[in-house]
Amino acid sequence: MINVLLAEDHHIVRSGIKSLLDNETDINVIGEASNGKEAIRILEDGTGAGLVVTDLNMPGMSGNELILYLRANFPFIKIVVLSMSDNEKYVFEAFEAGADGYLLKNISKEELVFAVKHITSGGQYICAELSLRMLKKLSI
């Protein structure tokens, strides 16, 4: 079972992600946080999350600050950024901070589920749209 913690400040978005993931038999959303500080409190309470899905732009503590904290204090937890920010700069910053994946919020349910499973099994992942855009820039 893949235990997931969601860190997203928009309730409706968080509820939608939870609904999509909870429909999978091998994925369980074990906690929800509206910011990085809440996510840390939930993890420190020992919820057993193996993966954190976080937005970058949240009040109080940014996604990158959360990633840095998790890498220092919970190095075994996998981290996926799910963001509207499609600038390559943000992708590089997230991976430099320690993220295992970067997804845009316009991805399909299938790509989200694939990314969660792939990253949990030890891989890294950048959504198809960003990967193709970055590859196109390299070929110019």
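Structure's up top.
Residues numbered from 1 in each chain as written. Predicted model: local features only at pLDDT ≥ 70, side-chain atom pairs only at ≥ 80, totals over all residues. Heavy atoms only, no water.

**A closer look at the packing of aromatic side chains**
One pair of aromatic rings is described through two measures. These are the centre distance and the angle between the planes. What the rule picks out here adds up to two aromatic pairs. For the ring pair F74 and F76, a centre distance of 6.2 Å and an interplane angle of 70 degrees mean the geometry is edge-to-face. Take F74: its relative accessible area is 13%, and that puts it in the buried class. Ring plane angle 65 degrees and centroid distance 5.5 Å describe the contact between F114 and Y125, whose orientation is recorded as edge-to-face. (Phe/Tyr/Trp six-rings, centres within 6.5 Å; stacked < 30°, edge-to-face > 60°. Buried < 20%, exposed > 50% of the residue type's maximum accessible area, 1.4 Å probe, protein only.)

**Re the packing of helix α1 (residues 11-22) against helix α5 (residues 109-120)**
One way to put it is that α1 packs onto α5 with a least axis distance of 10 Å and a crossing angle of 70 degrees. As judged from the angle between their axes, α1 and α5 are roughly perpendicular. Taken together, the residues of α5 that come into contact with α1 (itself represented by I17, L20 and L21) are K109, L112, V113 and V116. Considered class by class, the residues forming the contact of α1 with α5 number six nonpolar, no polar and one charged. (Axes fitted to C-alpha atoms, helices over the stretch in contact; angles between N-to-C directions. Helix = DSSP H or I, 4+ residues; strand = E, 2+ residues; numbered from the N terminus. Parallel < 35°, antiparallel > 145°, perpendicular 65-115°, else oblique. Contact = heavy atoms within 4.5 Å. Nonpolar A, V, L, I, M, F, W, Y, C, P; charged D, E, K, R; others polar.)

**Points about the pairing of strand β1 (residues 2-7)**
If a strand is regular, its side chains alternate between the two faces of the sheet. For β1, the tally of buried residues reaches five of six residues, placing the bulk of the element in the interior. Summarising the sheet, β1 and strand β2 (residues 27-33) pair through six bridges and their orientation is parallel. Pairing of A7 across the sheet is with A33, part of β2. Each parallel crossover has a hand, and the one from β1 via α1 to β2 is right-handed. Pairing of β1 with strand β3 (residues 51-54) involves four bridges; the strand directions are parallel. (Pairing = 2+ DSSP bridges. Right-handed = clockwise from strand over helix to strand, strands pointing away.)

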